[in-house]
Amino acid sequence: ENANVLVESCKNCSTVNETAALTLTDTSEEFIYNKKEHKPAADVEYSDGWHGEKTLTVKYENNINAGKANAYIEKDGAKATVEFTIQKATVKEPDIESKVYTGERLYADIPQSNNYKALTNGNGINVGSYDVVLKLIDPANYKWSSTEDETVKLKFNITEAVNSWVTVPSIA
């Protein structure tokens, strides 16, 4: 028995097991989490012998957050369901700019976002490369563009200072 078919029972009818079938009409659409309801276009097709009114309404459940969602129709306690998937939204890793060595402790300038928080901020003093670790705030609905992990490790670089003369020295 198909999960997307609703079977109508009728005790005093000459035909039995008439059906209403639910299908998603646009299966090419990809659903990505956006904090809003996703309602894919759906169609209800009734068999020729359907006895009830042909007014079943498509309803949706679990259709906001990433994961499995359902479109369904129901009648007299019976329910026909079609499952669809809402994908996680992708968060692009921010660019972490390098800083020039100053002899003092330096920290990465991490762009602000409601999607992640910094666990480590790449603080360092000497020329070199330091880790910046960012963690997704809502990993159930978001993913990094480069990894499926909740955290991503980026590099913060402290570069060598360049000596420059303010005035040309006189050499005697």
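*Asks:* Help me get a handle on the pattern of salt bridges, residues and values and all.
*Replies:* According to the stated counting rule, one finds 8 salt bridges in the structure shown. Note that E37 is salt-bridged to K39, the shortest N-O span being 4.0 Å. A residue is classified by how much of its surface remains accessible, and E37, at 47% relative accessible area, is partly exposed. K39 sits in the exposed class, given a relative accessible area of 52%. The partner of D131 in a salt bridge is K155, with the nearest N and O atoms 2.4 Å apart. In this pair, D131 sits in strand β11 (residues 128–136) while K155 sits in strand β13 (residues 151–159), placing the two residues 24 residues apart along the sequence. Using a relative accessible area of 31% as the deciding quantity, one classes D131 as partly exposed. K155 gets classed as partly exposed once you look at its relative accessible area, which sits at 44%.

Rules and cut-offs
- Residues numbered from 1 in each chain as written.
- Predicted model: local features only at pLDDT ≥ 70, side-chain atom pairs only at ≥ 80, totals over all residues.
- Heavy atoms only, no water.
- Salt bridge = Lys/Arg side-chain N within 4 Å of Asp/Glu carboxyl O.
- Buried < 20%, exposed > 50% of the residue type's maximum accessible area, 1.4 Å probe, protein only.
- Helix = DSSP H or I, 4+ residues; strand = E, 2+ residues; numbered from the N terminus.

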